Amino acid sequence: LNRPNIVILGAGYGGIMTASKLQKKLSADDANITLVNKHSYHYQTTWLHENAAGTLHHDRTRMEVNSVIDTNKINFVQEAVTGIDPENKKVSLENGELSYDYLVIGLGFEAATFGIQGLLENAFTINDINSARLIRQHIEYNFAKYNNEKDKKQERLNLVVGGAGFTGIEFVGELANRVPELCKEYDVPRENVRIINVEAAPTALPGFDPELVEYAMNSLEARGVEFKIGAMIKEVTADKLVYEQDEEIEEVPTNTVVWAAGVRGNKLVEDAGFESNRGRTPVREDLRPNGYDDVFIVGDCALVMNEETERPYPPTAQIAIQEAEHTAENMKRIVQGNDHLEPFTPNIQGTVASLGNNDAMGVIFDDKKIYGWSATAMKKIIDNRYLLKLGGVGLVLKKGKLNFFK
Ligand code: FAD
């Protein structure tokens, strides 16, 4: 009758997949499982840039947690976590407290702003459904406002994205799709609108194969995206962005800066006293942080080293899902009294970035490069496969990306 209390924090990729796997592996008599999430819904973080640009409605991206977990086996608590106390095995919530025997932390990421002046106050970030919806509405408001002012303000039509990494590139691709529609809708000449992507590194998509980088930049430039590469953002105010390039200081008038150049793990994890390395917690090979055998960390809060490159694996949904499946298996072992936990090794099946306009590029099966429609189709297959794992064919039909020609 001594059923352990398993508490899972966050219903993102890591948290909800842990819950979904555990409900299949354990019976209600084996453990009390509680899943805590800020919202009543789970959302696909990897689609948020589409919601932010306005090319996909956010209701396509989210689904009620109760519709994908078995509430006979998992107790779902819709609450915001406000603190974790690993010494006393307690989690504080906005309205209450939970005790645990085993904890799985999947609280995701937050923006890392690297202390850039004014960024936190004046730039937007793509974090969740609410922040994505705000960006979409802010851009639409500025297009609507433009023709309603006597002195037309160029800053309303200059859309600046900080960072040409994976997220920044995917977002400008969606903006390049959306801007012509907005121009038609709000009677704005297309040539008056600028989409500017600012990147501090000497290349867009650092870490990607140069051929793929060139393909992506050509595709986006052809649709009107301007790149400022090797350009360091110095300051963001309510109506301009300042950057330094080739030792020159430049300014862009804009009231839309979207920061997509850095994430760190949820601050709650660091505040709980777990070790932190650039905002993520190093975990042992079974995904438990040093010194805590009753805590597992999955997803963007965890830092897993790639022994081959001696660098951390980048935070991705792909790894978060694999970590969750792995943790569910290890948790089953613990509950069944087996203390041999399996080590985790990511199985990177590929990386595909969308460029909007039915275009994409990436690498699959180790080193096969794919471009254009086949890459777009592959990206949709990856997304649909996740939905299939989470909620079966029904969920794919309801929320999947089934139109391979659009
Ligand atoms: P999340 O999926 O972000 O989930 C965290 C959950 O915790 C959320 O449900 C949130 O509401 C909840 N939460 C947060 N704080 C609290 C709190 N205090 N109390 C209660 N609940 C809380 N990765 C890929 O592999 N492929 C891609 O194509 C890709 N594209 C991306 C595109 C964009 C625009 C972005 C932003 C990221 C992309 N990523 C991609 C990265 C990927 O989305 C993340 O690595 C992944 O979401 C991490 O999963 P997670 O479970 O750690 O966090």
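Residues numbered from 1 in each chain as written. Predicted model: local features only at pLDDT ≥ 70, side-chain atom pairs only at ≥ 80, totals over all residues. Heavy atoms only, no water.

Draft legend 1. Looking closely at the site of the ligand. Within the structure, the ligand sits among 33 residues, and G14, V81, D300, A317 and K379 are positioned closest to it. Here an oxygen atom of the ligand and a backbone polar atom of P315 are 3.4 Å apart. The separation between an oxygen atom of the ligand and a polar main-chain atom of Q318 is 3.2 Å. Summarising the interface, the protein chains cover 91% of the accessible area of the ligand, which totals 990 Å² for the free molecule. (Near = heavy atom within 4 Å. Polar contact = N/O pair within 3.5 Å; in protein donor to acceptor, adjacent residues only side chain to side chain. Areas by Shrake-Rupley, 256 points an atom, 1.4 Å probe, with all protein chains shown as cover.)

Draft legend 2. Structural context of the side chain of E323. Note on placement: E323 falls in helix α10 (residues 317-335). Of the side chains bearing the opposite charge, R280 lies closest to the buried E323, which forms no salt bridge; the N-O distance is 6.4 Å. Looking at E323, its side chain comes within polar contact range of the main-chain nitrogen of G299, at 2.6 Å. The residues contacting E323, other than those within four sequence positions of it, are L287, V298, G299, A302, V304 and F344. (Helix = DSSP H or I, 4+ residues; strand = E, 2+ residues; numbered from the N terminus. Buried < 20%, exposed > 50% of the residue type's maximum accessible area, 1.4 Å probe, protein only. Lys, Arg positive; Asp, Glu negative; His and termini not counted. Salt bridge = Lys/Arg side-chain N within 4 Å of Asp/Glu carboxyl O. Contact = heavy atoms within 4.5 Å.)

Draft legend 3. How the structure looks around the packing of helix α6 (residues 129-146) against helix α7 (residues 166-186). Look at α6 against α7: their axes get within 11 Å of each other, and the N-to-C directions meet at 35°. Classified by chirality, the crossing of α7 by α6 is right-handed. The residues of α7 that touch α6, namely those facing I135, I139, E140, F143 and A144, are F171, L175, R178, L182, C183 and Y186. Partitioning the contact of α6 with α7 into residue classes produces nine nonpolar, no polar and two charged. (Axes fitted to C-alpha atoms, helices over the stretch in contact; angles between N-to-C directions. Left-handed = near helix turned anticlockwise from the far one by under 90°. Nonpolar A, V, L, I, M, F, W, Y, C, P; charged D, E, K, R; others polar.)

Draft legend 4. Region of the structure containing the side chain of T256. Tracing the backbone shows T256 in strand β18 (residues 256-259). Within the local environment of T256, its side chain forms a polar contact with the side chain of H138, the two groups lying 2.9 Å apart. Contacts of T256, omitting those with residues within four sequence positions, involve H138, I139, N142, N158, L159 and V160.

Draft legend 5. Main features of the environment of C183. Relative to the elements of secondary structure, C183 occurs in helix α7. Accessibility expressed as a relative area gives 7% for C183, which makes it buried. Note: C-alpha distance between C183 and V193 (ten residues apart in sequence) is 8.4 Å. Non-local contacts of C183, meaning those with residues more than four positions away in its chain, are made with F143, V188, P189, R190 and V193.

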